[in-house]
Amino acid sequence: MPVRICFITNYAYRLFNRKSHLAFGCIETIFYIIAKDLSDDKRFEVNFLLEDDVHKNPVTEKINGITLYKTSRKIQPAVYQDKQIEKYHRWFTYWARKFSWLWQWPHLDFFRLWENLRQINADIYIFASPGYESGLITFLARIMKKKSVYLVVNDEELYRPINNFKDKIFYFGLKHANIVWCLSVRHQTILKNRHNLKAINLPCWLFRPKKILPLEKRHYILWAGRIDPHKHPAAFIKLARRLPRLKFLMIVAASPNEPVLFKSIVKSGTKIPNLKLKQEVMFTDVGRYYERALALIDTSDYKNLNMTVLQAAYYKVPCLSLFEDPENSFNEYQWGLSANGDIKKMIDNINKVIGSPREWKKLATNGYLFANKIYNPEANLTKFKNLMLLLSK
């Protein structure tokens, strides 16, 4: 029997359906790539639990060998199809009417997820939500005698304060998952020192580029990502204004919680002659924009290495960061430059790399070697498969 694995993330549907407008991020990209690679191996059966913004009456789909189960945090069923879950839901409702404080518990998500997970019946559930849903999934996996894997992506979830009951539920998930999986030695160390957790460090990976273009066929400075305050997208627009002789390309997606910021960035960007904006670009299409990029600009204030930065390394695109050296990789592998928050230094770094073919080639080559060493698709996929097979026993 194949090992049934289910990835849980709400915003992944656009990776499977071009009609979707759900903006995916780092977590969704990581899960999608792993799922695609696992689906080619008969030892695994791959599923997703996600939200569907395309169909009015979402049904289970199978796309490229991956089964997509649908859920909704906005629409709650009048009656749960699973009789046992409906029984417990009525029991909870009865007592909550007597003790009103029970309504503060995330009961609707609990019963929704319970029904979803029973329907999927996976051997292993993999998730990365920095909210209380992770704690609920961990608890449900335990009572169903299944395995759970929690992926740590960002620093903020490791330093999260406990302000309320939902924060306690999150930390239950972090501390009781069968495996806490992280993508760097730095996160592994924080988990050990701060939470006394022995995490498994296994870097993610991307699909290998089909082709890599030489410097003379590259034409613009690239920025890519969801419009989010932590990514400081306005800084990229400022750079385009300050460097009118260069061409800039900004690939943007709307963050679910930042519609005002998204509109503001799009409005500002369209006013600049040397800056082009592209929206709603599919993950499968974004590679062709990296192919022709002279450099990638990273304006986020995250210390971790995000997927847009990693993709630059794969495509031999030097990375120039406004704030952080992601996972100290610039210093260790000499493939990018950091401006330490100084916009003038950032401009100097751009001019330095663009103006010197020798410097550009050094950074581009080192980036590719770095990606192939640490984020090697074949080696890391094999390690992941072995880990899942061992966990399923």
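In case you missed it, the structure is sitting above this.
Residues numbered from 1 in each chain as written. Predicted model: local features only at pLDDT ≥ 70, side-chain atom pairs only at ≥ 80, totals over all residues. Heavy atoms only, no water.

*Asks:* It is not clear to me how the packing of aromatic side chains should be interpreted in this structure. Could you clarify?
*Replies:* In this description, a pair of aromatic rings is defined by centroid distance and the angle of the planes. Applying the stated rule across the entire model yields 31 aromatic pairs. Considering the side-chain rings of Phe24 and Phe283, the 6.4 Å spacing of their centres and the 90° angle between planes classify their relative orientation as edge-to-face. One end of the pair, Phe24, is in the loop between β1 (3–8) and α1 (26–38); the other, Phe283, is in the loop between β11 (275–279) and α9 (287–291), with 259 residues separating them in the sequence. Summarising the burial analysis for this pair, Phe24 and Phe283 share the class buried. (Phe/Tyr/Trp six-rings, centres within 6.5 Å; stacked < 30°, edge-to-face > 60°. Helix = DSSP H or I, 4+ residues; strand = E, 2+ residues; numbered from the N terminus. Buried < 20%, exposed > 50% of the residue type's maximum accessible area, 1.4 Å probe, protein only.)

*Asks:* Please clarify how helix α14 (residues 377–391) should be interpreted in this entry.
*Replies:* The end-to-end C-alpha distance of α14 is 21 Å, a good match for the 21 Å that 15 residues give at a rise of 1.5 Å each. Inspection of α14 places Pro377, Asn380, Leu381, Phe384, Lys385, Leu387, Met388 and Leu391 among the buried residues, and these make up the whole buried set. The arc that holds every buried residue of α14, seen down its axis, measures 160°, which confines them to one face. Residues of α14 that are exposed and angled more than 90 degrees away from the buried face: Lys383 and Leu390. (Expected span 1.5 Å × (residues − 1). Arc of directions from axis to C-beta.)

*Asks:* Before we go on, may I ask you to explain helix α10 (residues 307–314) in this structure?
*Replies:* Note that an α-helix has 3.6 residues per turn; residues three or four places apart therefore point the same way. Most of α10 sits inside the fold, with seven of its eight residues counted as buried. By the burial criterion, the buried members of α10 are Met307, Val309, Leu310, Gln311, Ala312, Ala313 and Tyr314. Where α10 is buried, its residues contact α1, α9, β12 (293–298), β13 (319–321), α13 (357–374) and α14. Positive phi shows up at Lys316, right after α10, with a value of about 55°. (Contact = heavy atoms within 4.5 Å.)

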